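Each chain, letter by letter, is given below.
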Amino acid sequence: LSLGLSIFYCREVVINKPRFSKMIWKEMRGNFASGSMVLLSGVASNLVVGIMRIGMEQNWSIEVFGHTSLSLSVLNMFFSFITVMGLVFFPILKNIHIDDQKRLFYQTEQVFPFFLCAVLLVAFPVKWIMEIWLPQYSISMQYMVIIMPMCVLESENTLLYITYLKALRKER
């Protein structure tokens, strides 16, 4: 129903033939090239966790897989959250002047390590609370503490560097 209403109210957009100039084709090609690089990096990121999970499932017992699976699921959720935060910051960065982007990058690069250290310090109380709440997954929480520094470094990479490179159109 909503598709039909949208087509009815926007019929001049739907019915008209598209007119592409060389400039539009060039812009489309550039967007496709940069978008495909971002897509491939996202797929590669998910493949790393997925291949690890498949390898553990095939080679380890079901108990060990259950413990590590919780850690990997939380890790995947954390990475998804960080990626979405980068998507939120991207339009903000695109709409400010290049000099302001440089200044903001420098300031963020100076403050970000302190924030990440705070996240690492919070990991231990969270581990303790989770061990009380889910005692059968205490081994999984030990894996989480081991994996947490990798999560922190990846979040810095995703939020700071990848988002800025996308805003500057330097995805490659």
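Here's a quick rundown of the structure. Just so we're clear, the structure is a prediction, and the values are computed from it rather than from any experiment. (Residues numbered from 1 in each chain as written. Predicted model: local features only at pLDDT ≥ 70, side-chain atom pairs only at ≥ 80, totals over all residues. Heavy atoms only, no water.)

### Thoughts on the overall build of the chain
Looking only at helices and strands, one finds six helices and zero strands in the chain. Mapped from its N terminus to its C terminus, the chain presents α and β elements in the order α-α-α-α-α-α. Taking 16 Å as the expected radius of gyration for a compact globule of 172 residues, we find that the chain reaches 22 Å, considerably beyond that expectation. For the chain, the spread of C-alpha atoms along the principal axes amounts to about 60 × 45 × 30 Å. Expressed as a percentage of its 172 residues, the buried residues of the chain come to 19%. Partitioning the intrachain contacts of the chain with sequence separation of at least 6 by distance along the chain shows that 74% fall at a separation of at least 24. With the model as given, the accessible surface of the chain reaches about 12,800 Å², and the carbon-plus-sulfur share is 71%. One finds the centroid of the 15 positive side-chain charges in the chain at a distance of 15 Å from the centroid of its 11 negative side-chain charges. (Helix = DSSP H or I, 4+ residues; strand = E, 2+ residues; numbered from the N terminus. Rg over C-alpha atoms; globule rule 2.2 N^0.38 Å. Buried < 20%, exposed > 50% of the residue type's maximum accessible area, 1.4 Å probe, protein only. Contact = heavy atoms within 4.5 Å. Areas by Shrake-Rupley, 256 points an atom, 1.4 Å probe, with all protein chains shown as cover. Lys, Arg positive; Asp, Glu negative; His and termini not counted. Charge placed at Lys NZ, Arg CZ, Asp CG, Glu CD.)

### Quick look at the packing of aromatic side chains
Tallying each qualifying case throughout the model produces four aromatic pairs. Pairing Phe78 with Phe79 gives two aromatic rings, centres 6.3 Å apart and planes at 50°, and the pair type is tilted. Its relative accessible area of 22% is what places Phe78 among the partly exposed residues. Take Phe79: its relative accessible area is 14%, and that puts it in the buried class. Aromatic pair Phe112 and Phe115: ring centres 5.9 Å apart, planes at 45°, arrangement tilted. Residue Phe112 and its partner Phe115 are located together in helix 5 (residues 98–133), separated by three residues, close to a single helical turn. Looking at Arg11, its charged tip hangs above the ring of Phe8, at a distance of 4.6 Å from the centre. (Phe/Tyr/Trp six-rings, centres within 6.5 Å; stacked < 30°, edge-to-face > 60°. Lys NZ or Arg CZ within 6 Å of the ring centre and 35° of its normal.)

### Let's talk about the nonpolar core
Counting residues in hydrophobic clusters, the biggest one holds 10 residues: Val49, Met56, Phe65, Leu72, Leu75, Phe79, Ala123, Ile147, Met148 and Cys151. When residues of this core are traced back to their parent elements, those giving at least two are helix 3 (22–59), helix 4 (62–94) and helix 6 (138–167). Looking at this core, the element that brings in the most residues is helix 4, giving four residues. Setting aside its immediate chain neighbours within four residues, Leu75 contacts Val49, Ile147, Met150 and Cys151. Membership of the second largest hydrophobic core comes to five residues, among which are Ile82, Phe112, Val152 and Leu159. (Core = buried A, V, L, I, M, F, W, Y, C linked by side-chain atoms within 4.5 Å.)

Everything listed here is a matter of coordinates, which is why it stays silent on function.
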